[in-house]
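Remarks on the overall topology
Here is what each chain is made of, one letter per residue.
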Amino acid sequence: MPVDTKAATDRLMRFLAVEGVTGQEAAIGRELTAALKEAGVPAKAIRLDDANTRIPVPTETGNLIVDLPGRGALHNQPRIMFMTHMDTVPLCAGAKPKKSGRKIVNEAKTALGGDNRCGCGVLVTLAAELEKQKLDHPPITLLFCVREESGLYGARHVKLDELGSPVMAFNYDGGSASNVVIGAVGADRWTVEIFGRASHAGVAPERGISSTMIMALALTEVKSGGWFGKVVKGKRQGTSNVGPVTGGEGRPAGDATNVVTDYVHVRGECRSHDGKFFKEITKAYKAAFEKAAKKVTNAQGKSGKVKFKAETDYYPFRMKDSQPVIKRAVEAVSAVGGTPNVRTANGGLDANWMVRHGIPTVTFGAGQNEAHTIDEWINLDEYDRACALALQLATTR
């Protein structure tokens, strides 16, 4: 079952040229819809769901869902699903893809968007080849998720009854097509607001309560306790990071250096393959900020305050090796000439939420390299293999 690799690459170049950063996927959704129709998919089989109405941050459009009825000897087999995400990180805005031998590179000083236009190319190529070659296959759902890059929101908020009850799913989001990712970490995303008291730093610093100093003491406590960066406590492991630190726009202190800072806003995350441990890391941050707030007082004996909020972005999972979806994935990788590399991932995937929804999901790569950086490039040999793999997965008897 050969794949028309030239057509597949042309689609990928076409999709790479369409901007669609996370939350702004309407244009790439229209382009994917047009390409699917050109491939022979009926318009009535293509739709957008209303996940964007449930996503708590502005999102232009819902997930793109495609229903392919079964054909031939496999038409009455259980439904399977192929999925990817159609958003890119904001760094991809303004990308200019260019072929260079067996690579696609970027002429602009931006990220390229192979993560995850490669996945989009694979799924549309799958639909095109199934139609062109009139291959037997079970009923198939194609799912193109929104806002993966900013919190896996599309996969989190999809309605299961929109998907047609697939018994297994195959997600495209990574590097090598031979990677068979069967598990991933879970993560908390947290924010803390630190409230101090403003005063003139040169005239009466003793009257102020520095929110900046509260933050500094808290992070020192976290670091000395071994809760920052790579976190190892006995046999348990995880990671944590402190992200952007911002001030209080419009508050009395503002950005002035001659005022004791009365407000600081901090964001961060904690991850682990252990569903309890990443929450323990989060608790360590919360305790450190609360402890530090009590330590920083002014001349009147008043202390600062903190407001700590944490939300689980996604839950960890690790599927059992005996599951049919893994067996099918391993056999398909071997069938297209690859060496299966069964592994887990340290980043979140739409598969985290699919497994949470009860759909066993394996994730493969599609040639993406150096994602989220200006050095991003696409390996076309791996992309071609990913397209062939999808066709193999869809037609396995």
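Values in this document were obtained by computation on a predicted structure and should not be read as measured data. (Residues numbered from 1 in each chain as written. Predicted model: local features only at pLDDT ≥ 70, side-chain atom pairs only at ≥ 80, totals over all residues. Heavy atoms only, no water.)

**Thoughts on the domain arrangement of the protein**
We apply this condition: Note that domain bounds follow an automatic or database assignment of domains. Throughout, a contact is declared for two residues whenever any of their heavy atoms are within 4.5 Å. Simply put, the buried area is the total loss of 1.4 Å probe accessible area from both parts when two parts are fitted together. Note on definitions: salt bridges are taken to be side-chain nitrogens of Lys or Arg within 4 Å of carboxyl oxygens of Asp or Glu. Polarity classes work like this: nonpolar for Ala, Val, Leu, Ile, Met, Phe, Trp, Tyr, Cys and Pro, charged for Asp, Glu, Lys and Arg, and polar for all others, with Gly in that last group.
Domain boundaries in the protein define domain 1 (5-185 + 316-395) and domain 2 (189-312). Centre-to-centre, using C-alpha coordinates, domain 1 lies 38 Å away from domain 2. Listed per partner, the contact involves 11 residues of domain 1 and nine residues of domain 2. By the criterion of area lost to domain 2, the three top residues of domain 1 are Arg156, Val185 and Pro316, representing 58% of everything that side buries. Put simply, domain 1 and domain 2 have one salt bridge between them. The closest approach of N and O atoms between Arg156 and Glu311, which form a salt bridge, is 3.6 Å. Its residues placed into classes, the side of domain 1 that touches domain 2 shows four nonpolar, six polar and one charged.

**Some thoughts on the environment of Phe170**
Here is the rule we go by: Labels follow the DSSP assignment, with helices taken as runs of H or I lasting at least four residues and strands as runs of E lasting at least two, numbered in each case from the N terminus.
Examined against the element boundaries, Phe170 turns out to sit in strand E7 (residues 168-172). On a C-alpha basis, the gap between Phe170 and Ile326 in space is 9.8 Å, while along the polypeptide they are 156 residues apart. For Phe170, the residues in contact, after removing those within four places along its chain, are Ile80, Met81, Phe82, Met83, Val325, Arg328, Ala329, Thr361, Val362, Phe364 and Leu393.

**Concerning the side chain of Ser199**
As a reminder of what qualifies: Within 3.5 Å is the distance limit for a polar contact, defined as a pair of N or O atoms, with the added protein rule that one can donate a hydrogen and the other accept it, and that residues adjacent in sequence qualify only through two side-chain atoms.
In this structure, Ser199 sits in the loop between strand E9 (186-195) and helix H5 (211-224). Among the polar contacts listed, one links the side chain of Ser199 to the backbone oxygen of Ala204, at a separation of 3.1 Å. Contacts of Ser199, omitting those with residues within four sequence positions, involve Ala204, Pro205, Arg207, Gly208, Asn258, Val259 and Val260.

**A look at the packing of aromatic side chains**
What counts here: Under the pairing criterion, centres of Phe, Tyr and Trp rings, with the six-membered ring standing for Trp, must be within 6.5 Å; the plane angle then separates stacked pairs below 30 degrees from edge-to-face pairs above 60, leaving the rest tilted. A simple rule labels every residue: compare its accessible area, found with a 1.4 Å probe on the protein chains alone, to the largest value its type can have, and call it buried under 20%, exposed over 50%, or partly exposed in between. Should the NZ of a Lys or the CZ of an Arg lie within 6 Å of a ring centre and within 35 degrees of the ring normal, that charge is described as sitting over the ring.
Evaluated as defined, the whole model comprises 10 aromatic pairs. With a centroid separation of 4.9 Å and an interplanar angle of 35°, the aromatic rings of Trp190 and Tyr285 are classed as tilted. Placement of the pair is Trp190 in strand E9 and Tyr285 in helix H6 (residues 277-295), with a sequence separation of 95 residues. With a relative accessible area of 0%, Tyr285 lands in the buried category. Every member of this aromatic cluster is reached through a ring pair, and the members are Phe82, Phe170, Tyr172 and Phe364. Sitting over the face of the ring of Trp227, Lys233 holds its NZ or CZ atom 4.4 Å from the ring centroid. Between the NZ or CZ atom of Arg356 and the centre of the ring of Tyr315, over which it lies, the distance is 3.7 Å.

**Regarding the side chain of Thr312**
With respect to the helices, strands and loops of the structure, Thr312 is situated in strand E13 (residues 305-314). Polar contacts involving the side chain of Thr312 include one to the side chain of Asp188, which spans 2.9 Å. Of note is the side chain of Thr312, whose polar atom sits 2.6 Å from the side chain of Lys279. Aside from chain neighbours lying at most four places away, what touches Thr312 is Arg156, Ala187, Asp188, Phe278 and Lys279.

**A word on unusual backbone geometry**
Of the consecutive residues Asp115 and Asn116, the connecting peptide bond is found in the cis state with omega at 20°. If you trace the backbone, Asn116 turns up in helix H3 (residues 114-133). Located in the positive-phi region is Lys134, a residue other than glycine, with phi close to 55°. Not every positive phi belongs to a glycine, and Leu152 is a case in point at roughly 55°. By the secondary structure assignment, Leu152 is in the loop between strand E6 (140-145) and helix H4 (153-157). Accessibility expressed as a relative area gives 3% for Leu152, which makes it buried.

**Some points on the layout of surface pockets**
Just so we agree on the cut-off: Cavities and pockets were defined on a 1 Å grid built from protein atoms only: a cavity is a group of points that admits a 1.4 Å probe but offers it no way out, a pocket is an open group of points flanked by protein on both sides within 12 Å along at least five of seven lines, and a lining residue is one with an atom within 4 Å of any such point. Grid points are joined across faces, edges and corners, and a volume is the space filled by probe spheres set on the points.
In this structure, the largest pocket occupies an estimated 770 Å³ of space. Lining the largest pocket are 33 residues, and of these Glu149, Arg271, Gly347, Gly348 and His372 sit closest to its centre. Listing elements by their share of the lining of the largest pocket, those giving two or more residues are strand E8 (179-184), E9, strand E11 (236-247), strand E12 (263-272), E13, strand E15 (341-345) and strand E16 (361-364). By residue number, the principal contributor to the lining of the largest pocket is E12, which donates four residues. A domain split of the lining of the largest pocket shows at least three residues from each of domain 1 (5-185 + 316-395) and domain 2 (189-312). Estimates place the volume of the second largest pocket at around 260 Å³. As for the second largest pocket, its lining consists of 13 residues, of which Gln77, Met168, Arg328, Thr396 and Arg397 are closest to the centre. If you tally residues by element for the lining of the second largest pocket, the top one is helix H7 (residues 324-335), at four residues. For the lining of the second largest pocket, the per-class residue count stands at seven nonpolar, two polar and four charged.

**Quick notes on the pairing of strand E10 (residues 229-233)**
To be explicit about the condition: Here the rule is simple: two strands pair whenever DSSP picks up at least two bridges between them.
Two elements, E10 and E11, share five bridges in a ladder whose sense is antiparallel. In the strand pairing of E11, Gly229 is matched with Ser240. Taking the residues that link successive antiparallel strands as the turn, the E10-E11 hairpin has two residues, and the phi of Gly234 there is positive, at about 65°.

**Some points on the UniProt feature "binding site: Zn(2+) 2" (unreviewed entry) in the protein**
Just so we agree on the cut-off: UniProt positions are given in the numbering used here, feature names are shortened, and annotations may be inferred rather than shown by experiment.
Following the UniProt record, one finds the feature "binding site: Zn(2+) 2" (unreviewed entry) at Asp115 and Glu149. Across 35 residues of sequence, these annotated residues stay compact in space, with a maximum C-alpha separation of 9.3 Å. Checking the named residues against the largest pocket, the ones that line it are Asp115 and Glu149. With respect to the helices and strands, the residue Asp115 is situated in helix H3. Those residues in contact with Asp115 that sit more than four places away from it in its chain are His85, Asp87, Thr88, Glu149, Asp173, Gln368, Ala371, His372 and Glu376. Within the structure, Asp115 has its side chain in polar contact with the side chain of His85 (distance 3.0 Å). On the secondary structure map, Glu149 appears in the loop between E6 and H4. Discounting residues that sit within four places of it in the chain, Glu149 has contacts with Thr22, His85, Asp87, Thr88, Val89, Asp115 and His372.

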